[in-house]
Amino acid sequence: MRCLRPLQILALLLILPAFGAAAQEDAAEPAAAQEEKTEDLKSEISDAKSEKPEPEPKSDAGDKSKPEDLKPEGSDSNSEKQEAEPKPKSDAGDKKAADAPEESKPAEPARISGIGSTDGPQLPGQPWRVHDLFRPQPRVVTPADTELTVPPPSDALVLFDGTDLALWGHRDREEPGMFVEPQWKVENGYFQASRGHGDLYTLDSFGSVQLHLEWAAPEEAKGRSQGRGNSGVKFLGLYEVQILDSYNNRTYADGHAGAIYGQYPPAVNASRPPGKWQSYDIIFEIPKFDGDELVRPGFITVLHNGVLVQHRRELAGVTGMKSPGKYSPHPPAGPIMLQDHGNPVRFRNVWVRSLD
Ligand code: MG
């Protein structure tokens, strides 16, 4: 083995520490780089968190149209624009607003009364309310232009033959249960409802009947709706077939001439002009009771001027204003009543046939 010279030894002593430092630096470099990379990664993650995530891909349509694209045109943006840019008020508008406190309050409009309403009681078994404003008006039918009378058959009881009211009377207002002499005017073969004297009743009682009567509304058509030529025939004083001047006179459908008042309008409006004689031929089938129980309802058929306007209509009960009808037990017969409604309606040729 060759021995090292002193200069070689000295050189080795100077070089070896440098190699050691270099070796140490080589070992430390990957750690520093790793630490730097780690910091960079942390920074990237942090940046990624601060960004909005990409929307999840949905369906094909979703891919093609982002939610923003689905908004209708001018929805939010236009709304905001409208809010941001309110319409400028016109000068006229400003002037009106300024003048408003000085304007007088408009007068309340007059109520259209007497032609029906929309808040009456519901009629049982029918889609309408009592006196329903929107119930269709009966179709107009022009009866034959004649005032021929129908003479009574042999088995009829003639209730008025043109001479007197011997078979009629008014309820006594002073003494309930009693009757007084009729006060309705009789002249020229007819009698006429006289305001204030009250309803007129037959002094005989009837069950089921065929009734013929003729009537005429005042020639001068005063008033309107239920205020024009109003009277009525009430069987037992309870079940009314309406008498009204329905010629060119709007009223609620179940209040026209030939109506079962408040229950059924006439099938058609077969009225003659006011002042003309008109006829009713009515078949009344009386309701029957067993004690307090109704065992058969009443039925009414009406021909007005020879035209069928009620075909065996089943009564819902006692007729009345704003009433859907209700039955209460009564005797198997009762008087026929003609209504005093304040209008001078005339009557003639009244006769009745018993059907019991
Ligand atoms: Mg009436």
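Small disclaimer: the values here were computed from a predicted structure and weren't measured.

## Some remarks on the nonpolar core
No. 1: In this structure, V233, I282 and I300 are the most contacted members of the largest nonpolar core, which totals 49 residues.
No. 2: For this core, the element with the most residues is strand β8 (residues 209-216), which contributes 5 residues.
No. 3: For I300, the contacting residues outside a window of four places in its chain are Y239, V241, I260, I282, F284, Q310, R313 and L315.

## Quick look at the environment of N343
No. 1: Mapped onto the fold, N343 is located in the loop between β17 (336-338) and β18 (346-354).
No. 2: With 22 C-beta atoms packed within 10 Å, N343 lands in the buried category.
No. 3: For the pair formed by N343 and N230, sequence separation is 113 residues and the distance between their alpha carbons is 5.9 Å.
No. 4: Once you skip the residues sitting within four places of it in the chain, N343 turns out to touch A193, P218, G229, N230 and S231.

## Quick look at the pairing of strand β14 (residues 293-296)
No. 1: Two elements, strand β13 (residues 288-290) and β14, share 3 bridges in a ladder whose sense is antiparallel. Across the sheet, residue F289 finds its bridge partner in β14, namely L294.

## Digging into the sheet that holds strand β10 (residues 239-243)
No. 1: Pairing is antiparallel across the open sheet formed by 6 strands, whose spatial order is β4-β3-β7-β17-β9-β10. Every other strand in the sheet has two partners, leaving β4 (179-180) and β10 as the edge strands with one partner each.
No. 2: As judged from the 2 bridges shared by strand β7 (residues 200-202) and β17, these two strands associate in the antiparallel manner. Bridge assignment links Y201 to a residue of β17, and that residue is M337.

## Observations concerning unusual backbone geometry
No. 1: Backbone geometry places N248, a non-glycine residue, at a positive phi of 50 degrees.
No. 2: Following the sequence through the fold, N248 ends up in the loop between β10 and β11 (268-269).
No. 3: Since 13 C-beta atoms lie within 10 Å of it, N248 is described here as partly exposed.
No. 4: The phi dihedral of N305 is positive, around 55 degrees, even though this residue is not glycine.
No. 5: Tracing the backbone shows N305 in the loop between β15 (299-304) and β16 (307-314).
No. 6: On the basis of neighbour count, N305 is assigned to the buried category, with 23 C-beta atoms found within 10 Å.

## Overview of the confidence of the model for the chain
For residues with low pLDDT, the predicted coordinates do not support detailed interpretation.
No. 1: In this model, the chain carries an average pLDDT of 80, and 71% of its residues clear a pLDDT of 70 or more.
No. 2: Overall, residues 9-98 carries pLDDT values under 50, and its contacts beyond four positions in sequence, including any with other chains, amount to 8 contacts.

## Looking at the environment of P152
No. 1: Within the secondary structure, P152 is located in the loop between β1 (139-140) and β2 (157-160).
No. 2: Of the residues examined, P152 has 17 C-beta atoms within 10 Å and is grouped as partly exposed.
No. 3: Between the C-alpha atom of P152 and that of V350, which follows or precedes it by 198 residues, the distance is 8.4 Å.
No. 4: Each residue touching P152, except ones within four places of it in the same chain, is listed here: V158 and W351.

## Details of the pairing of strand β9 (residues 231-235)
The side chains of a regular strand alternate, first on one face of the sheet and then on the other.
No. 1: The buried fraction of β9 amounts to 5 of the 5 residues, a majority that puts the element mostly inside the structure.
No. 2: A two-sided burial pattern is seen for β9, the buried positions comprising S231, V233 and F235 on one face and G232 and K234 on the other.
No. 3: Pairing between β9 and β10: 5 bridges, direction antiparallel. Looking at β10, one finds that K234 is bridged to E240.
No. 4: The loop that links β9 with its antiparallel partner β10 comprises 3 residues; one of these, L236, has a positive phi angle of about 60 degrees.
No. 5: As defined by bridge partners, β9 adjoins β17 across 3 bridges and the pair is classed as antiparallel. Each residue of the ladder has a partner; that of K234, found in β17, is M337.

Reading guide: rules and limits
- Residues numbered from 1 in each chain as written.
- Predicted model: local features only at pLDDT ≥ 70, side-chain atom pairs only at ≥ 80, totals over all residues.
- Core = buried A, V, L, I, M, F, W, Y, C linked by C-beta atoms within 7 Å.
- Buried ≥ 20, exposed ≤ 12 C-beta atoms within 10 Å, placed from the backbone.
- Helix = DSSP H or I, 4+ residues; strand = E, 2+ residues; numbered from the N terminus.
- Contact = placed C-beta atoms within 7 Å.
- Pairing = 2+ DSSP bridges.
- pLDDT = per-residue confidence, 0-100.

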